[in-house]
Amino acid sequence: MATMNVSLPDAMKAWVERQAEGERYGNASDYIRDLIRKDQERKEALALLQAAVAEGIESGAPQVFDAQTFKLRMRARHGVR
């Protein structure tokens, strides 16, 4: 595992240390790694959402959605009455 030194203002350092003192994290490195993992997950989720929005925009003009017709079509497709 690689090592990285990070400079923090005193208030942020104290925050990290308080978080690491809790039961969830073994030390400050565990807390920082968890923050980075959560940020990576958030960015991945945002990228998926942005891709879905772009796909929707590129799919063309919107069409009227008839919920009743959709339900009937799905029931017929899946053999549900």
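Trainee: Which residues make up the overall build of the protein, and what values go with them?
Mentor: Looking only at helices and strands, the protein features three helices and zero strands. Taken from the N to the C terminus, the helices and strands of the protein come in the order α-α-α. In terms of overall size, the protein is more extended than a compact globule, its C-alpha atoms giving a radius of gyration of 24 Å where 81 residues would be expected to give roughly 12 Å. In terms of principal-axis extent, the alpha carbons of the protein reach across some 60 × 30 × 25 Å. Buried residues in the protein amount to 6% of all 81 residues.

Trainee: Give me the packing of aromatic side chains: which residues, what numbers.
Mentor: Per the stated rule, a full pass over the model turns up two aromatic pairs. Ring geometry for F65 and F70: centres 5.5 Å apart, planes at 50°, overall tilted. Overall, F65 belongs to the exposed group, its relative accessible area being 58%. Note on F70: relative accessible area 33%, which makes it partly exposed.

Trainee: If you had to explain the layout of surface pockets to someone new, which residues and values would you point to?
Mentor: Roughly 580 Å³ of volume is contained in the largest pocket. Around the largest pocket, the lining is made up of 16 residues, and of these M4, V6, A28, S29 and I32 lie nearest the centre. Looking at the lining of the largest pocket, the elements with two or more residues in it are α1 (10–21) and α2 (28–58). By residue class, the composition of the lining of the largest pocket is 11 nonpolar, two polar and three charged.

Parameters at a glance
- Residues numbered from 1 in each chain as written.
- Predicted model: local features only at pLDDT ≥ 70, side-chain atom pairs only at ≥ 80, totals over all residues.
- Heavy atoms only, no water.
- Helix = DSSP H or I, 4+ residues; strand = E, 2+ residues; numbered from the N terminus.
- Rg over C-alpha atoms; globule rule 2.2 N^0.38 Å.
- Buried < 20%, exposed > 50% of the residue type's maximum accessible area, 1.4 Å probe, protein only.
- Phe/Tyr/Trp six-rings, centres within 6.5 Å; stacked < 30°, edge-to-face > 60°.
- 1 Å grid on protein atoms, 1.4 Å probe; cavity = no way out; pocket = protein on both sides within 12 Å on 5 of 7 lines; lining within 4 Å.
- Points joined across faces, edges and corners; volume = space filled by probe spheres on them.
- Nonpolar A, V, L, I, M, F, W, Y, C, P; charged D, E, K, R; others polar.

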